[in-house]
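Descriptive structure summary
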Amino acid sequence: MKVLKFGGTSVGSAENINKVISILDQQSKDSNIAVVVSAVGVVTDKLLEAANLACSSNKDYIEKYNKIWSIHNKVIEGLFLNTSKELKEAQEELQELITEKLNNLRNLLDGVYLINELSPKTKDKLLSFGESLSSSIIFHTLKSRNSDVFLKNSQELIITDNNFNNATVNFEITNSNIKSFFSHNTNSIVLLPGFISKSITDEITTLGRGGSDYTAAIVAAAINAKELQIWTDVSGMFTTNPKIVKQAAPIVELSYQEAVELSHFGAKVLYPPTVMPVLKRKIPIVIKNTMDPDASGTTITEDIKANGSPVKGISNIDNIALLTLQGNGMVGVPGFSKRLFETLAQEKINIILITQSSSEHSICFGISDVDAKRAKEVIDTVFEYEIALQKLDPIVVETDLSIIAVIGDKMKSHQGISGKMFSTLGKNNVNIRAIAQGASERNISAVIHKNDVKKALNSLHEQFFEIKTKQVNLFITGVGNVGERLIEQIKQQKSYVKENLKINLRIIGLSNSRTMLINDDGINLKNWKEDLAKGEEASLYTFFQYAKRLNLRNSVFVDITANEDVAKVYGGYLRESISVVACNKIACSGDIAYYNELKELSRKYNSSFLFETNVGAGLPVIDTLNHLVASGDKINTIQAVLSGSLNFIFNNFNDKTTFYDVVKQAQEEGYTEPDPRIDLSGIDVARKVLILARESGHSIELSDLESDNFLTENAMKAKTVDDFFNTLKDDEAYYQNLYKSANDKNCQLKFVAEFDNGKAKVGLKEIPEGHPFYNLKGKDNIVMFYTQRYPEQPMIIKGAGAGADVTASGLFADIIRVANN
């Protein structure tokens, strides 16, 4: 025989009750079944609310009562839609019965209102109406559909003491009653209201929290049932909270101990004390979903197969306070722990987690935060003498915390589980306040800040349960030419990167100078432009606050602007362990103190700070330089053509073209900034060589660089871009002379950056034939590193150094580097 228990959601509407009836019809074909039902969803809460209002002389209890009436009548009407005359009579009979019960409830509430008192005894009478009403509705519905069903009042079977609201079961009498009843009953379905019972003195009692589960477990244990099925609104126990971690999956099989641990640490499907009767009899428990009865659910048994992950689930408890008793007077002195825990027990304060340092200098324990103030008061009072003598410190209370727990029977036989857990949390900047682990190693618990729970659960779930796919969450500011190409590349390569590199890229935030868009589920890249245009007003501060508040694992801020204000916010991101990928050169070429600060923050908070595209767009210039330095090589000299824009201009400028036309073409094709003076002034190249010098280990400022500006004075003084272009027309002869001078010597004009012996300079040079720079074509860049290991023949990096696509690909590469970090 099987015992099935259906919770409040499962019987919460006519639609759901019809699903329950289908399940009962199917299961009763194979064998007789016992069925325990909870009150209709939310009714127990409504009963409590009505009772408390009545006790407070608040006439709003009548409104709550009417709502209870309405809920049950709506269920009955839904169960008897479009029925025959016979069924209409059955419906009327049921409604008369329910009306009678509800009238009795009203009389009881009126009495509470009149005397302004709600005793535990009266409270049990009130609460018993919920299961009494639901079981009657389901019984009469089953009977009207010709089911072989019998409604047995659980109060005639389960006998308790007089501890109202949380009665203790007299198992000797109860087991005898249940065995006797079921030995004589032959009905296919026996329906029992859960939660309710009677005392040995014939008073109505209830079984406390999880009472319906307890009823089902008591019945199952008494008749030695084949299994206990608990039907709810989820498909079993999950690897973690599915509301927080979307990748959470049902656990097929659990041991009793694993299930109890998961339930204790936040899994709401099971309340451990209520299922103890079946655990003692080793009866399997199956958690099933009423809304999806074909789903396999979770089977909980004594012995399970040893295959699969040693970690079975990750759970959490919120609203935790951490209290610490500490002081030199504790060391080597017995009795402190006894006095501490006795005090808490006397105050009925439940301890959730305990940890103590081996030095005996402190004891740390976690409790519900609602008990924290009371706990501090009573503990400080008990240890008042020791505190006065400064042997102990006043107890320290930390609030706004949560506990996360990694759980599994087989963790003990697998090395490195705790190492993986804590390294994963550390990489995501989740600070651990306390750790607890039993000798069984079935549970490793850590106390963290409540704001870190989502990130912690997602990162741990990714580590232990997912196919080693790392989710990377991007916040991109600057969606112009390069930004648009990057988004397109991410959209195009998303599947490839996920399948081959095991990296799941999601764009969470987008911002331009006008609007910004945030979606913590990931922005739809099919119509991001339209969505961004309708986004909220852009704000650097608000964008940062979104990233901080969402607190997503593996977050990356991507700056694709040339904006100084954006560069100033990098430190804030790094402090939140949000990596920074920058196309913007200002941070790395500005004040050396800020550059060093960002480097230090990156190390301190384990967050990457990458800026490969600062020099050479998509070319691996900085990465190569970093590898040279890291391997012990010393950079002696750097010679480079670092502006694809200027290279394009001087490769296309000759005596058959005008300087104006070539610069205009470069602007229109995206090789220069919208204001070409940024490129032609040489400041961009100066910033690039400065960055290379700093990455080589030299502390120099932009003001230390020598710059040979080839633009005319008129061009430099131009107030607008249009004025600048007009000066190019006016000064064409000057630019033609530059070309002629080089051409007469069979040289090419190149804007060259040099770094040698700690000094850097940039300027236009005439490059002779045979030099590596001579044949540099189009928008290409070239960098030559002369080092201790490459003293004569330099290491050369050459390729396209400008253009939206290659720059975007360089940013993409940095994002992948962050993901692989």
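Residues numbered from 1 in each chain as written. Predicted model: local features only at pLDDT ≥ 70, side-chain atom pairs only at ≥ 80, totals over all residues. Heavy atoms only, no water.

Further remarks concern the overall build of the protein. The secondary structure content of the protein amounts to 30 helices and 30 strands. Its C-alpha atoms give the protein a radius of gyration of 37 Å, clearly above 28 Å, the size a compact globule of 821 residues would have. Over its C-alpha atoms, taken along the principal directions, the protein stretches across nearly 115 × 75 × 55 Å. Within the span of the protein, comprising 821 residues, buried residues form 52% of the whole. Total accessible area on the protein stands at roughly 36600 Å², and carbon and sulfur atoms take up 47% of it. Of the charged side chains in the protein, 90 are positive and 99 negative; the average position of the first set lies 3 Å away from that of the second. (Helix = DSSP H or I, 4+ residues; strand = E, 2+ residues; numbered from the N terminus. Rg over C-alpha atoms; globule rule 2.2 N^0.38 Å. Buried < 20%, exposed > 50% of the residue type's maximum accessible area, 1.4 Å probe, protein only. Areas by Shrake-Rupley, 256 points an atom, 1.4 Å probe, with all protein chains shown as cover. Lys, Arg positive; Asp, Glu negative; His and termini not counted. Charge placed at Lys NZ, Arg CZ, Asp CG, Glu CD.)

Let us look at the pattern of salt bridges. Across all of its chains, the model carries 38 salt bridges by this definition. The salt bridge partner of aspartate 684 is lysine 688, with a shortest N-O separation of 3.3 Å. Of this pair, aspartate 684 and lysine 688 both sit in helix α26 (residues 683-695), four residues apart, which is roughly one turn of that helix. On the basis of relative accessible area, aspartate 684 is assigned to the buried category, the value being 13%. Taking relative accessible area as the criterion, lysine 688 reaches 6% and is therefore assigned buried. A salt bridge links lysine 740 to aspartate 744, with the shortest nitrogen-to-oxygen separation between them at 2.9 Å. Here lysine 740 pairs with aspartate 744, and both are found in helix α29 (residues 732-744), just four residues apart, close to one helical turn. Residues participating in the shared-partner salt-bridge network are Glu347, Asp371 and Arg374. (Salt bridge = Lys/Arg side-chain N within 4 Å of Asp/Glu carboxyl O.)

It is worth spelling out the side chain of lysine 750 at this point. Tracing the backbone through its elements, the reader meets lysine 750 in strand β27 (residues 747-756). Every residue in contact with lysine 750, bar those within four places of it in the chain, is listed here: Val641, Asn647, Asn651, Gly763, Leu764, Lys765, Ile767, Phe773, Tyr774 and Leu776. (Contact = heavy atoms within 4.5 Å.)

Time to look at the packing of helix α4 (residues 85-115) against helix α5 (residues 120-144). The geometry of a pair of packed helices is captured by two quantities: the angle between their axes and the separation between those axes. The geometry of α4 relative to α5 is characterised by a closest axis approach of 10 Å and an angle of 180° between their N-to-C directions. As judged from the angle between their axes, α4 and α5 are roughly antiparallel. (Axes fitted to C-alpha atoms, helices over the stretch in contact; angles between N-to-C directions. Parallel < 35°, antiparallel > 145°, perpendicular 65-115°, else oblique.)

Below, the discussion takes up the nonpolar core. Burial of nonpolar side chains together is a common tendency in soluble globular proteins. Of all hydrophobic cores here, the largest spans 80 residues; its most connected members are Phe557, Tyr570, Leu642, Phe659, Leu680, Phe710 and Phe785. Here this core takes seven residues from α26, the largest share from any one element. Ignoring anything within four residues of it in the chain, the contact list for phenylalanine 557 reads Phe475, Thr477, Phe543, Val566, Val569, Tyr570, Tyr573, Ile578, Ser579, Val580 and Val581. (Core = buried A, V, L, I, M, F, W, Y, C linked by side-chain atoms within 4.5 Å.)

On to the packing of aromatic side chains, then. What the rule picks out here adds up to 25 aromatic pairs. On the numbers, 6.0 Å between centres and 65° between planes, the contact of phenylalanine 653 with tyrosine 739 is edge-to-face. Here phenylalanine 653, found in the loop between α23 (644-652) and α24 (659-668), pairs with tyrosine 739, found in helix α29; they are 86 residues apart in sequence, far enough to count as distant. Tyrosine 739 matches phenylalanine 653 in its accessibility class, with the two residues each being buried. Positioned above the aromatic ring of tyrosine 595, the side-chain terminus of arginine 694 is 5.3 Å from the ring centre. (Phe/Tyr/Trp six-rings, centres within 6.5 Å; stacked < 30°, edge-to-face > 60°. Lys NZ or Arg CZ within 6 Å of the ring centre and 35° of its normal.)

Counting through the fold element by element, glycine 778 comes out in the loop between β28 (759-768) and β29 (780-787). Separated by 226 residues in sequence, glycine 778 and leucine 552 have C-alpha atoms that sit 42 Å apart. Not counting chain neighbours up to four residues away, the residues in contact with glycine 778 comprise Gly644, Asn647, Phe648 and Asn651.

Once that is clear, we can look at the sheet that holds strand β19 (residues 503-511). If you walk across this open sheet you meet the seven strands as β21-β20-β19-β18-β22-β23-β24, and the pairing is mixed. A strand with exactly one partner marks an edge of an open sheet, and here the two such strands are β21 (536-537) and β24 (609-610). The pairing of β19 with strand β20 (residues 515-518) spans three bridges and is classified as antiparallel. For glycine 509, the partnering residue across the bridge sits in β20 and is isoleucine 518. Across the sheet, helix α17 (residues 540-550) is in contact with β18 (470-477), β19, β20, β21 and β22 (555-559); its angle to β20 comes to roughly 5°. (Pairing = 2+ DSSP bridges.)

Moving on: a negative patch on the surface. A grouping of Glu86, Glu89, Glu92, Glu93 and Glu96 is seen on the molecular surface, where their side chains present a negatively charged patch. Structurally, glutamate 92 can be placed in helix α4. Take glutamate 92: its relative accessible area is 49%, and that puts it in the partly exposed class. (Patch = residues over 30% accessible without salt bridge, like charges linked within 9 Å, V, L, I, M, F, W, Y side chains within 5 Å.)

Our next topic: the confidence of the model for the protein. Considering every residue of the protein, the mean pLDDT works out to 92; 99% of them sit at 70 or more. Mean pLDDT per element in the protein: helix α8 (residues 256-264) is the minimum at 84, and strand β23 (residues 579-582) is the maximum at 98. (pLDDT = per-residue confidence, 0-100.)

Given a rise of 1.5 Å per residue, 13 residues ought to cover 18 Å, and the 18 Å separating the end C-alpha atoms of α26 matches this to within 8%. When α26 is considered as a whole, its buried residues turn out to be Asp684, Val685, Ala686, Lys688, Val689, Leu690, Ile691, Leu692, Ala693, Arg694 and Glu695. A positive phi of about 110° marks glycine 697, the residue just after α26. (Expected span 1.5 Å × (residues − 1).)

This part is about the sheet that holds strand β6 (residues 196-199). An order of β4-β6-β7 is seen for the three strands of this open sheet, with the pairing classed as mixed. For this open sheet the edge positions go to β4 (159-160) and β7 (204-206), each flanked by a neighbour on one side alone. Two strands pair when backbone bridges link them, and β6 and β7 are joined in this way by three bridges, in the antiparallel orientation. Bridging from a neighbouring strand, lysine 198 pairs with isoleucine 204 of β7. Set on the sheet, α5 makes contact with β6 and β7; between it and β7 the angle comes to about 75°.

Bringing the pairing of β18 into the picture now. Of all eight residues in β18, seven are buried; the element is thus mostly enclosed. Across eight bridges, the pairing between β18 and β19 is parallel. Following the sheet pairing, isoleucine 476 is matched in β19 by leucine 510. For the crossover that starts at β18, traverses helix α15 (residues 481-501) and ends in the parallel β19, the hand is right-handed. (Right-handed = clockwise from strand over helix to strand, strands pointing away.)

Here the focus is the packing of helix α2 (residues 43-55) against α4. Remark: α2 packs on α4, axes separated minimally by 7 Å, with the N-to-C direction vectors making an angle of 35°. Considering how the two elements wind past one another, α2 and α4 form a crossing that is right-handed. When α2 is examined against α4, the residues Leu47, Ala50, Ala51, Ala54 and Cys55 are found in contact with a partner set consisting of Leu105, Leu109, Val112 and Tyr113. Across the contact of α2 with α4, the residue classes break down as nine nonpolar, no polar and no charged. (Left-handed = near helix turned anticlockwise from the far one by under 90°. Nonpolar A, V, L, I, M, F, W, Y, C, P; charged D, E, K, R; others polar.)

Let us look at unusual backbone geometry. Even without being a glycine, asparagine 319 presents a positive backbone phi close to 60°. Mapped onto the elements of the fold, asparagine 319 is located in strand β12 (residues 313-326). We note that asparagine 746 has phi near 55°; this positive angle belongs to a residue other than glycine. By the secondary structure assignment, asparagine 746 is in the loop between α29 and β27. By relative accessible area, which is 40% here, asparagine 746 ends up partly exposed.

Here we come to the environment of isoleucine 815. Residue position: isoleucine 815 is located in helix α30 (residues 804-820). Among residues more than four places away in sequence, those in contact with isoleucine 815 are Leu474, Leu486, Leu505, Val558 and Val581.

Between its terminal C-alpha atoms helix α3 (residues 61-79) stretches 28 Å, which fits the 27 Å expected from 19 residues at 1.5 Å a residue. When we look at burial in α3, the residues that qualify are Tyr61, Tyr65, Ile68, Ile71, His72, Asn73, Val75, Ile76 and Leu79. Contacts from the buried residues of α3 go to α1 (14-27), α2, α4 and α5.

In this section: the pairing of strand β5 (residues 189-193). Here β5 lies mainly inside the structure; five of its five residues are buried. Covered by surrounding structure in β5 are Ile189, Leu191 and Pro193 together with Val190 and Leu192, the residues of both alternating faces. Relative to β5, strand β2 (residues 33-37) is paired through five bridges, and the arrangement is parallel. Looking at the pairing, valine 36 lines up with leucine 192 of β5. In terms of strand pairing, strand β3 (residues 149-151) meets β5 through three bridges, oriented parallel. Paired with leucine 151 across the two strands is leucine 191, which belongs to β5.

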